[in-house]
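Take a look at the letters that make up each chain.
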Amino acid sequence: MSLNNEPIIVAKDLTISYELHRERKKLTALQDINLEVKAGEFVVLVGPSGCGKTSFINAISGLVPKETGSVTVRGEEVTGPGPDRAMVFQDYALLPWRTVESNVRMPFEFQDLGVSEAEKKKRVQECLELVDLDGFEKSFPYELSGGMKQRVGIARALITHPDILLADEPFAAIDAMTREAMQAEMERIVMETGQTCVFITHSIDEAILLGDRVVVISYRPGKVKEIVDINFPRPRMSNSEVKTSREYAQIRDHIWKLVKDEASQTNRGE
Amino acid sequence: MANKGQQNAQVFDTDDPDRIQDIGWTAREVWRRTRGFVVTSINIITFFILWELLTIYGNINPLFLPKASDMFMELWVGLTTRAPEGAVFSGSILDHFLHSFNNLMFGLGIAILIGVPGGLLMGGNKYIEAILSPYVWALASLPRIALVPLFILFLGFTTTMQVTIIVISAVFPIMINAWAGVKTTEKSLLAAARVFGANRRQLYVKVVLPYTLPFIISGIQQGIGRGLIGVVIAELFGGSNGLGYLIQRSADTFNTAMNFAVLLLLIVMSLSLINFTRWLEAYVAPWRSANHL
């Protein structure tokens, strides 16, 4: 990992808002976000539901237009999706009529990246091996368990060798046991590929175990409330000392208080 | 839940001897899998036997309820004989069945050719949707039988009139289902396709269309039901051939056994077609039925 490179993603005074269709009002999801993500860094966003975490990740992916400010990737303004950014979705978003192999291959099909057929085949194989799904090429998503589906989603995201991996609560719908296994796998994959990763979660443990930095976002309008550096050595998932350490408990408590303040505002209604 | 276990079991490596074990067949398991068919068969056979006994010993006027065996006889004879060449009127069920069936298939074909593109366009373009939807809803909600006199006025007692009524009956369920399919395409699938570089055309061809296909098939399934009503109505009201006409004529000539035979044939035809589309839907979209196994 090369943490000391210059920033690959830069958000400057980024504001995103939505029109509330019925009331002709505008909801500011994110306001004046300033954040720099370095190449190879794993940044985790936490915050209460509806605080605009997803909007932020969608602004980086190019799915959602920004209102003011800017998001740049390698110095270039984001205007739409691109092959340098890939995404893992909470509900997997696999095409149910396609096999695992065909789903993983999908990014090559939609855009011409100048990759040869032989290379595509090789990469499909590599990515499936990386997520431990070799042998399941011909299975359909509905035949797989939730954890396996999400591993297909991760393989699909890695196939084009993107610089940036965006993940929107990828393990939220997965049961607790599988979830831990998936977190370990995520950490291993990101360590192996050296990918830059922006990751959303509701789980503070997940945030601390995976993130180099944890960004706490406040509730409506979403602003960066605090950025917490996490300095545990990797791999953390397989190291039981991390979770039982004093420092871990302190960081956990600290982030929990930050999030709780914000979550209590969610409960007030609005 | 037991089924879910089976579902997961198929994806495991079947070469691994420890994972998959041969559990053999037990009488209980064979019965569990065949009991639906066995019970239904016995049920239906008993029904016809009771019917037969009732008409033999129940002192029932055969004008109102013919013997089941007479009905089957009419059906058998009707399906195995055809009218001689040049006959003005055919008493053969097969002739009338073929007329109705061909009309239904032809009408359904046209309904699909109009309904599918129409529904896709309405789902894909807000302006086309805004322009067409009032007419679609108006015609879809109008009882189609009300249009029959008008079509007879326009087209006379012709096959064209009969087919037109079938088309107008079947086209709207197909169109509305295709439209709904496009509209309900999962947002996350569209988002994923866009993130991975799909342009507008690819979104339609590679995501929206496959997603909509099972909707179209269930539209066709509904269309078959409606189309069959259209067939019978069109032939009852105006025509000198087809199963609808035969129903009318057999009643007029007090041939109740023939009447029942045609009704039975209609039931079998309708169920066969609908089951075919069910199978087709399960075949092209196995993920939909897998969720509620």
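Residues numbered from 1 in each chain as written. Chains lettered and ligands numbered in written order. Predicted model: local features only at pLDDT ≥ 70, side-chain atom pairs only at ≥ 80, totals over all residues. Heavy atoms only, no water.

Draft legend 1. Molecular detail of the overall build of chain B. If you tally the helices and strands in chain B, you get twelve helices and zero strands. Taken from the N to the C terminus, the helices and strands of chain B come in the order α-α-α-α-α-α-α-α-α-α-α-α. When burial is assessed residue by residue, chain B has 41% of its 293 residues classed as buried. Partitioning the contacts of chain B with sequence separation of at least 6, the portion at a separation of at least 24 is 68%. Surface accessibility of chain B: about 17000 Å² in total, with carbon and sulfur atoms responsible for 66%. Here chain B holds 20 positive side-chain charges and 16 negative ones, and the gap between their average locations is 13 Å. (Helix = DSSP H or I, 4+ residues; strand = E, 2+ residues; numbered from the N terminus. Buried < 20%, exposed > 50% of the residue type's maximum accessible area, 1.4 Å probe, protein only. Contact = heavy atoms within 4.5 Å. Areas by Shrake-Rupley, 256 points an atom, 1.4 Å probe, with all protein chains shown as cover. Lys, Arg positive; Asp, Glu negative; His and termini not counted. Charge placed at Lys NZ, Arg CZ, Asp CG, Glu CD.)

Draft legend 2. The arrangement of the overall build of chain A in detail. A count of helices and strands for chain A gives eight helices and ten strands. Across its three principal directions, the C-alpha atoms of chain A cover 50 × 50 × 40 Å. A total of 270 residues make up chain A; the buried ones form 55% of that total. Partitioning the contacts of chain A with sequence separation of at least 6, the portion at a separation of at least 24 is 71%. With 34 positive and 42 negative side-chain charges, chain A shows a separation of 4 Å between the mean positions of the two kinds.

Draft legend 3. Up close: helix H5 (residues 126–141) of chain B. Residues and elements named next belong to chain B. Over its 16 residues, H5 runs 22 Å from end to end, which matches the ideal 22 Å to within 8%, given 1.5 Å per residue. By the largest-angle criterion, Leu 132 marks the main kink of H5, which is about 40°, and a proline, Pro 134, follows within four residues. All of the buried residues in H5 are Glu 129, Ser 133, Val 136 and Ala 140. Check the buried side of H5 and you find it contacts helix H4 (93–124) and helix H7 (159–183). (Expected span 1.5 Å × (residues − 1). Bend = angle between axes of the 7 residues up to and from the residue.)

Draft legend 4. Looking closely at the sheet that holds strand S9 (residues 213–217) of chain A. All names here are of chain A. Read from one edge of the open sheet, six strands run S6-S7-S8-S3-S9-S10, paired in mixed fashion. Two strands lie at the open edges of the sheet, namely strand S6 (85–88) and strand S10 (224–229), each paired on one side alone. For this sheet, the mean angle separating the axes of adjacent strands, direction not counted, is 20°. Where strand S3 (residues 42–46) meets strand S8 (residues 196–200), four bridges bridge the pair, whose relative direction is parallel. Directly across from Leu 45, in S8, lies its bridge partner Ile 200. (Pairing = 2+ DSSP bridges. Axes fitted to C-alpha atoms, helices over the stretch in contact; angles between N-to-C directions.)

Draft legend 5. Focus on the sheet that holds strand S4 (residues 68–73) of chain A. Spatial ordering of the open sheet is given by S2-S1-S4-S5 (chain A), a layout of four strands whose pairing is antiparallel. Looking along the sheet, the strands with just one partner apiece sit at the ends: strand S2 (25–38) and strand S5 (76–77) of chain A.

Draft legend 6. Fine view of the pattern of salt bridges. Residues and elements named next belong to chain A. Here the structure, examined in full by the defined rule, presents 20 salt bridges over all chains. With a closest N to O distance of 3.1 Å, Arg 85 and Asp 84 form a salt bridge. Take Arg 85: its relative accessible area is 8%, and that puts it in the buried class. Two residues, Arg 252 and Asp 205, come together in a salt bridge whose shortest N-O distance is 2.9 Å. Of this pair, Arg 252 sits in helix H8 (residues 246–267) while Asp 205 sits in helix H6 (residues 204–210), placing them 47 residues apart in sequence. Members of the salt-bridge network, linked through shared partners, are Glu 119, Lys 122, Arg 123 and Glu 126. (Salt bridge = Lys/Arg side-chain N within 4 Å of Asp/Glu carboxyl O.)

Draft legend 7. Spatial organisation of the packing of aromatic side chains. All names here are of chain B. For the structure shown, the criterion picks out 13 aromatic pairs over all chains. Aromatic side chains Phe 48 and Phe 72 sit 5.0 Å apart centroid to centroid with 70° between the ring planes, which places their arrangement in the edge-to-face category. Here the residue Phe 48 occupies a position in helix H2 (residues 27–57), and Phe 72 occupies one in helix H3 (residues 68–80), the gap between them amounting to 24 residues. A relative accessible area of 19% places Phe 48 in the buried class. By way of ring pairs, the aromatic residues Phe 47, Phe 48, Trp 51, Phe 72 and Phe 260 are connected into one cluster. (Phe/Tyr/Trp six-rings, centres within 6.5 Å; stacked < 30°, edge-to-face > 60°.)

Draft legend 8. Inspection of unusual backbone geometry at higher detail. At Ala93(A), a position not held by glycine, the phi torsion is positive, near 50°. In this structure Ala93(A) comes out as buried when scored by relative accessible area, which is 2%. With phi around 55°, Asn59(B) is a residue other than glycine that occupies positive phi space. You can see Asn59(B) is positioned in the loop between H2 and H3.

Draft legend 9. Molecular detail of the layout of surface pockets. Residue and element names in this part refer to chain B. Of the pockets and cavities examined, the second largest pocket occupies roughly 350 Å³. Lining the second largest pocket are 16 residues, with Gly 123, Gly 124, Val 182, Leu 190 and Tyr 204 positioned closest to its centre. Residue assignment for the lining of the second largest pocket shows that the elements contributing at least two residues are H4, H5, H7, helix H8 (187–195) and helix H9 (200–237). Top contributing element to the lining of the second largest pocket by residue count: H9, with four residues. (1 Å grid on protein atoms, 1.4 Å probe; cavity = no way out; pocket = protein on both sides within 12 Å on 5 of 7 lines; lining within 4 Å. Points joined across faces, edges and corners; volume = space filled by probe spheres on them.)

Draft legend 10. Representation of the domain arrangement of chain B in the model. According to the domain assignment, chain B contains domain 1 (25–60) and domain 2 (69–84 + 92–290). Using only C-alpha atoms to locate each centre, domain 1 of chain B and domain 2 of chain B end up separated by 32 Å. (Domains from an automatic or database assignment.)

Draft legend 11. Here's a closer look at the pairing of S4(A). Residues and elements named next belong to chain A. The pairing of strand S1 (residues 7–20) with S4 spans five bridges and is antiparallel. Residue pairing in the sheet places Val 10 in a bridge with Thr 72 of S4. For S4 and S5, the ladder comprises two bridges, and the chain directions are antiparallel. Across the sheet, residue Thr 72 finds its bridge partner in S5, namely Glu 77. Connecting S4 to the antiparallel partner S5 that follows it, the hairpin turn spans two residues, and Arg 74 within it adopts a positive phi of roughly 50°.

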